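What follows is the residue order along each chain.
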Amino acid sequence: MLQSALFTKTRKEIPADEVSKNAILLIKASFVNKEMAGVYSYLPLGLRVIKKIEAIIRDEMNKAGGQEVLMSVFHPKENWEKTGRWNSMDDLYKVKDSSDREVALGPTHEEMVVPLVQQYVNSYRDLPLSVYQIQNKFRMELRAKSGILRGREFIMKDMYSFHKDEEDLKNYYEKMQVVYKNIYDRVGIGHQTYMTFASGGSFSKFSHEFQTVTEAGEDTIYIDEEKGIAVNKEVLNDEVLAELGIDRSKLVEKKAIEVGNIFELKTKYSAPFDMVYKNENDENITIIMGCYGMGVSRLMGTLVEVCSDDKGIIWPEAVAPFLIHLLPLGVSENVSEEAKKIYNEFSKKGFEVLLDDRSLNAGEKFADADLIGLPYRVVVSERSLKEGGVEVKRRAEEKGEVMAVDKFIEMLKA
RNA sequence: CGGGGUGUGGUGUAACGGCUAACAUUCCUGUUUUGGGAACAGGCGACUCUGGGUUCGAAUCCCAGCACCCCGACCA
């Protein structure tokens, strides 16, 4: 992609009322645009990141046997009355249509997925089943904050699994714990993301959160580094520690962002809809469920919080909007022609590259490159050409190295 | 939802109750410049959040509303 063709551009100044790092950097680098409190639009660069994250999640969900669907955003009121959440969920958006009928905007989809799957799943032969979707969710947060970390409209992956018994749910649930860990590894924050025991609500002892350690987090967790797990402050007590076999003296307190949450729902939502299957003995058995949430936009915000410095973002390769930022410097035609050639070569080899073809000073291009944060900065100039190629610098490192383009491509392949 | 704060060109700021609301940046024109946010010249861009009120006169004072931010509460 040619940078001159990007309709967005970076800013030198950002709105004065932004304080959270993710919002400041994402707005400054024009990945997102704020529309109202807790509501953001995704611009070309930001959307590319979202798509990368989604692709990784999809891949892992599909490998775990999930089938992707896209359910409606509008939810009939009756469904929510059935589970009792029409009145009990404070942050439910309720809207009226022209005939004064009330509907909800989906904050989560248990009330929709159960009646949907119920139509098709009647027998033990249809189980187990898991379906998921990636979609904008709506929650009327009384106080949206922390940039894209806690919005009123946000992108979330939600998966729901259906099982014949608790044993089967348990197996799948444990498998999903590994799947979640894989996703955080792949997007680049696995080493600081902990599976965390958290409140399970009225229907199971615990749920499991996935918490990424950073000062920007809203949650407080206690980590047992040896075991690689953590306990959320909200459920921490001696009884719980004993049950989990955790020694209190080994726990370290940290702030963290909740980037995922999985629950054993059991019959919490299947029962109100009388969602049953026939077993081998012609008996009606209530279906057992699990649900698995992951905030896609929140994950993007978390990445910025965790992977950035005072100059800008440092995208992990797996989710970077482009892999390479190609910067021709100077006005020589030789350089711009060479840059074009290199650009084509990268593209042909399948590497995503952003070519800064704007006629700006070196300093401005460097500043933008640091801000946007692509993993590799490749400079082409009279100087680099004289020294035998291009200057390659990783965003995360201070120093670059001049090398031939072929050698760089070899390096990328390795 | 409780408490606090802030609303001025797209963005960041300035302006004693009193001249045509100023400066920077962005953007446009031109000349120059090109390895760490360049220089010069010229130009476009504002019903000062909205509605009331006080006053000869309001960006400025008062009231109400709205929006945004922060702290707290809330958060499958």
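Position numbers for residues start from 1 in each chain and track the written sequence from start to end. Think of it this way: whatever chain is written first is A, whatever ligand is written first is 1, and the rest follow in order. Since the coordinates come from a predicted model, pLDDT governs what is reported: local features require at least 70, and pairs of side-chain atoms require 80 or more to be given and counted, while whole-chain, interface and lining totals use all residues. Remark: hydrogens and water are excluded; side-chain values derive from all non-hydrogen atoms of the structure.

A. Representation of the protein's contact with RNA strand B in the model. Note on definitions. A residue lies near a molecule or strand when any single heavy atom of the residue is within 4 Å of it. Around RNA strand B sit 41 residues in total, of which Asp17, Arg143, Phe203, Asp370 and Ser381 are the nearest. The contact atoms of RNA strand B, taken as those within 4 Å of the protein, divide so that sugar and phosphate hold 46%. Within 3.5 Å is the distance limit for a polar contact, defined as a pair of N or O atoms, with the added protein rule that one can donate a hydrogen and the other accept it, and that residues adjacent in sequence qualify only through two side-chain atoms. Ala37 is positioned such that a nitrogen or oxygen atom in its backbone is 2.9 Å from a phosphate oxygen of RNA strand B. Here a base oxygen of RNA strand B sits 3.2 Å away from a polar atom, N or O, in the main chain of Leu360. Secondary structure elements follow DSSP: runs of H or I of four or more residues count as helices, runs of E of two or more count as strands, with numbering from the N terminus. Every element with two or more residues in the surface near RNA strand B is listed here: β1 (32-36), β13 (252-266), α10 (362-372), β21 (376-380) and α11 (382-386). Examining the composition of the surface near RNA strand B, we find that 7 residues originate from one element, α10, more than from any other. The class makeup of the residues in the surface near RNA strand B is 19 nonpolar, 7 polar and 15 charged. Any residue outside Ala, Val, Leu, Ile, Met, Phe, Trp, Tyr, Cys, Pro, Asp, Glu, Lys and Arg is labelled polar, Gly included; the first ten of those are nonpolar and the last four are charged.

B. Highlighting the sheet that holds strand β4 (residues 74-76). One bridge is not enough; two strands pair if DSSP finds at least two bridges between them. Here we have 3 strands laid out as an open sheet, ordered β4-β6-β5, and antiparallel in their pairing. Every interior strand has two partners, whereas the edge strands, β4 and β5 (93-96), have only one. Across the sheet, the axes of successive neighbouring strands diverge by a mean angle of 45°, strand direction being ignored. As defined by bridge partners, β5 adjoins strand β6 (residues 102-105) across 4 bridges and the pair is classed as antiparallel. Looking across to β6, one finds that Lys94 is bridged to Ala104. Note on geometry: axes are lines fitted to C-alpha atoms, helical ones only across the stretch in contact, with angles between N-to-C directions running from 0 to 180 degrees.

C. Region of the structure containing the sheet that holds strand β20 (residues 353-355). Taken in spatial order, the 5 strands make up an open sheet running β20-β19-β21-β22-β23, and their pairing is mixed. Looking at the sheet topology across the chains shown, the edges are occupied by β20 and β23 (401-403). Adjacent strand axes in the sheet meet at a mean angle of 25° when their direction is disregarded. We call two residues contacting when some pair of their heavy atoms lies within 4.5 Å. Across the sheet, α10 touches β19 (324-328) and β21, and the angle it forms with β19 is around 175°. Strand contacts of helix α12 (residues 405-413): β19, β21, β22 (390-394) and β23, with the helix running at about 110° to β23, the strand carrying the most contacts.

D. Geometry of the pairing of strand β10 (residues 206-213). Only protein chains enter the calculation, and the probe is 1.4 Å; a residue is then buried if its accessible area is under 20% of its type maximum, exposed if over 50%, and partly exposed in between. Among the 8 residues that make up β10, 8 are buried, leaving the element largely enclosed by the rest of the structure. Alternating positions in β10 separate into two faces, Phe206, His208, Phe210 and Thr212 on one and Ser207, Glu209, Gln211 and Val213 on the other, with burial throughout. Sheet analysis places β10 next to β13, joined by 6 bridges and oriented antiparallel. Following the sheet pairing, Phe210 is matched in β13 by Gly260.

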